[in-house]
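# Understanding the architecture of this molecule
These are the residues of each chain, in order.
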Amino acid sequence: MIPLPGETIRWEEAAGEVSLLDQTALPARVQRIRCRDVERLAEAIRRLEIRGAPALGLAGAYGVALAAARSREPDLPRFLAGVAESAELLRTTRPTAVNLSWGIDRVLARVRAARSVEEGRRVALTEAKAVAEEDALTCRRIGEHGAALLPDRCTVLTHCNAGALATSEWGTALGVVRSAVAAGKEIRVLACETRPLLQGARLTAWELVRDGIPVTVIVDSAAAALMQAKEVDCVIVGADRITRDAVFNKVGTYMHAVSARFHGIPFYVAAPHSTFDTGSTAADIVVEERDGDEIRFRGQEPVVPARAGVRNPAFDASPLALVSAIITEDGVMRPPYDFTAAGKRREAP
Ligand code: MRU
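Residues numbered from 1 in each chain as written. Predicted model: local features only at pLDDT ≥ 70, side-chain atom pairs only at ≥ 80, totals over all residues. Heavy atoms only, no water.

### Here's the deal with the overall build of the protein chain
Spelled out, the test is: Numbering of helices and strands runs from the N terminus, with a helix taken as a DSSP run of H or I at least four residues long and a strand as a DSSP run of E at least two residues long. Our radius of gyration looks at C-alpha atoms and nothing else; its globule reference is 2.2 Å times the residue count to the power 0.38. Only protein chains enter the accessibility calculation, which uses a 1.4 Å probe; a residue whose area is less than 20% of its type maximum is buried, one above 50% is exposed, and one in between is partly exposed. We call two residues in contact when some of their heavy atoms are within 4.5 Å. This count recognises Lys and Arg as positive and Asp and Glu as negative, with His and chain-terminal groups excluded. Note on charges: their place is set at NZ of Lys, CZ of Arg, CG of Asp or CD of Glu.
When helices and strands are tallied, the protein chain shows 11 helices and 15 strands. Taking 349 residues into account, the globule formula puts the C-alpha radius of gyration at 20 Å, and the protein chain, at 20 Å, falls close to it. In the protein chain, buried positions account for 58% of the 349 residues. Considering only contacts within the protein chain whose residues lie at least 6 apart along the sequence, 75% involve residues at least 24 apart. Each charge class in the protein chain was averaged separately, 44 positive and 45 negative side chains, and the resulting centres sit 1 Å apart.

Put into structure tokens, the structure is as follows:
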């Protein structure tokens, strides 16, 4: 049973608030968080209670709708200024996944074109729901295109979580796995635990176990040895941003890309057009640096001597030269990559 439509994040009609599945509590507890205002939603994004690039796009979109719904401002220019301020608060929560800004800007554009406050509230919510519905469809298409790349009886290595929890449902990298399984193929998944916050061990494994898809969790540093031992047929990961020259994804992805190339294993990236940033190169991108305490402590217990330094970059950039194919909702792109159409597609409303 995959996470159901709206399980990751949804609009609660009666309460006029955003509800999301608390991803920091999984797999120990399945609990929801209710965001009654934009400040709480911004906090949820910062804490990774909701995370994953397409899901952050949804959070941005619903966040602008929430700001519009909660505004008590009757004057249109002041209403628009308030919503824009909330949008900027959301935008600054996490810098690397481009989908967050994409979702925010899509809804903001509708609000700005409104002729009354009432219309602004209405179009914001309609657009946010459209973003969520389109994402679901997009993931299914990515899944179908990608499934054709997987041979029957294969082992897929993945990193972090690019599943239903990182999207509205189905997933990108895990969407490919799900679609292949739905087509009757026997697929096993090696899920890298994904230090330090364990999105692979906690979230990818949780999703796949619920689905009945065989999954084995490994420490991130075991990946190369298992490739060498011919236990991996391909790598599939999601993406937080695809620039003209690189794929940004959870830190650790780059070492899998290098290892896969060395061992002659295909390295696939599955991502929607909303993840493309074809106007930028890797050098332009801010890589989120998270709190060092995520590394210093295991629970309450320090695992790093107090006077040692720590670095905690949350993402890395895999050069496109290492990417065997990019699977989008429109099909499978192969090198040499031409992003002209992808760039235009992203701009389309
Ligand atoms: O820090 P996170 O958990 O938001 O990082 C998420 C990832 O790196 C995912 O692999 C990426 O967003 C792709 S999600 C379909």
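### Quick look at the pairing of strand 10 (residues 267–270)
Here is the rule we go by: The criterion for strand pairing is that DSSP finds at least two bridges linking the strands in question.
Because side chains alternate across strand 10, one face comprises the buried residues Phe267 and Val269, and the other comprises Tyr268 and Ala270, equally buried. Summarising the sheet, strand 10 and strand 14 (residues 325–328) pair through 3 bridges and their orientation is parallel. Bridge pairing links Ala270 to Ile327 in strand 14.

### Regarding the sheet that holds strand 7 (residues 234–237)
To keep things clear, this is the line we draw: Interaxial angle, 0 to 180 degrees, is taken between N-to-C directions of lines fitted to C-alpha atoms, where a helix line uses only the stretch in contact.
The 7 strands are arranged 6-5-4-7-10-14-15 in an open sheet whose pairing can be described as mixed. Looking at which strands have only one partner, the edges of the open sheet turn out to be strand 6 (215–218) and strand 15 (331–333). For this sheet the average axis-to-axis angle between neighbouring strands, irrespective of direction, equals 25°. Along the sheet, helix 5 (residues 117–147) makes contact with strand 10, strand 14 and strand 15, crossing strand 14 at roughly 140°.

### Things to note about the site of the ligand
What counts, and what does not: Being near a molecule or strand, for a residue, means having at least one of its heavy atoms within 4 Å of it. Within 3.5 Å is the distance limit for a polar contact, defined as a pair of N or O atoms, with the added protein rule that one can donate a hydrogen and the other accept it, and that residues adjacent in sequence qualify only through two side-chain atoms. Reported accessibility uses the Shrake-Rupley method at a 1.4 Å probe radius. Residues are deemed covered only where the shown protein chains occlude them. With a 1 Å grid spanning the protein atoms alone, the term cavity applies to any set of points in which a 1.4 Å probe fits but cannot get out, the term pocket to an open set with protein on both sides within 12 Å along at least five of seven lines, and the term lining residue to any residue with an atom within 4 Å of a point. Put plainly, a molecule is in a cavity or pocket when over half of its atoms are within 2 Å of the grid points there.
For the ligand, the set of nearby residues contains 18 residues, the closest of which are Arg51, Ala53, Arg94, Asn249 and Lys250. In the environment of the ligand, an oxygen atom lies 2.8 Å from a nitrogen or oxygen atom belonging to the side chain of Arg51. Arg94 places a side-chain nitrogen or oxygen 2.8 Å from an oxygen atom of the ligand. Relative to its unbound accessible surface of 410 Å², the ligand loses 100% to contact with the protein. Placement of the ligand is best described as lying within the largest cavity.

### A closer look at the packing of aromatic side chains
The condition is simple: Between 30 and 60 degrees the pair is tilted, below 30 it is stacked and above 60 it is edge-to-face, where a pair is any two Phe, Tyr or Trp rings, Trp via its six-membered ring, whose centres lie within 6.5 Å. Charge-over-ring contacts are defined here by two conditions on Lys NZ or Arg CZ: a distance within 6 Å of the ring centre and an angle within 35 degrees of the ring normal.
For the structure on display, the rule yields 2 aromatic pairs. With 5.3 Å between their ring centres and 80° between their planes, Phe276 and Phe339 make a pair best called edge-to-face. Taken together, the residues Phe276 in the loop between strand 10 and helix 10 (293–296) and Phe339 in the loop between strand 15 and helix 11 (340–347) connect sequence positions 63 residues apart. Each member of the pair Phe276 and Phe339 is classed as buried. Directly above the aromatic system of Trp170 lies the positively charged group of Arg140, at a separation of 3.8 Å from the ring centroid. Sitting above the plane of the Phe315 ring, Lys250 keeps its charged end 4.4 Å from the centroid.

### Some points on the sheet that holds strand 1 (residues 9–12)
One open sheet holds the 3 strands; their spatial order is 1-2-3, and the pairing between them is antiparallel. Strand pairing shows two members of the sheet lacking a second neighbour, strand 1 and strand 3 (32–35), which therefore form its edges. Taking each pair of neighbouring strands and ignoring which way they run, the sheet shows an average axis angle of 25°. In this structure, strand 2 (residues 17–21) lies alongside strand 3, joined through 4 bridges in antiparallel fashion. Each residue of the ladder has a partner; that of Val18, found in strand 3, is Cys35. Across the sheet, helix 2 (residues 53–70) touches strand 1, strand 2 and strand 3, and the angle it forms with strand 1 is around 20°.

### Section: the domain arrangement of the protein chain
Often the size quoted for an interface is simply the accessible area lost on bringing the parts together. Heads up, the condition is: Domain delimitation follows an automatic or database domain assignment. Put simply, buried area is the surface a 1.4 Å probe can reach on two separate parts but cannot reach once they are joined, added for both.
Structurally, the protein chain comprises domain 1 (9–139) and domain 2 (140–347). Computed over C-alpha atoms, the centres of domain 1 and domain 2 are 25 Å apart. Opposite the 28 residues of domain 1 that make contact, domain 2 presents 37 residues. Across the domain 1 to domain 2 interface the summed buried area is about 2,700 Å²; carbon plus sulfur atoms make up 55%.

### Remarks on the nonpolar core
Our working rule: Here, nonpolar core means buried Ala, Val, Leu, Ile, Met, Phe, Trp, Tyr and Cys residues that are tied together by side-chain atoms lying within 4.5 Å of each other.
In this structure, Ile9, Val18, Leu20, Ile45, Val64 and Val83 are the most contacted members of the largest nonpolar core, which totals 41 residues. Looking at this core, the elements that each hand over two or more residues are strand 1, strand 2, strand 3, helix 1 (38–47), helix 2, helix 3 (76–91), helix 4 (98–112) and helix 5. The element contributing the most residues to this core is helix 2, with 12 residues. Excluding residues that lie within four positions of it along the chain, Ile9 makes contacts with Val18, Ser19, Leu20, Arg32, Ile50, Leu58, Ala59 and Tyr62. Of all hydrophobic cores here, the second largest spans 28 residues; its members include Ile218, Leu226, Ala257 and Ile265.

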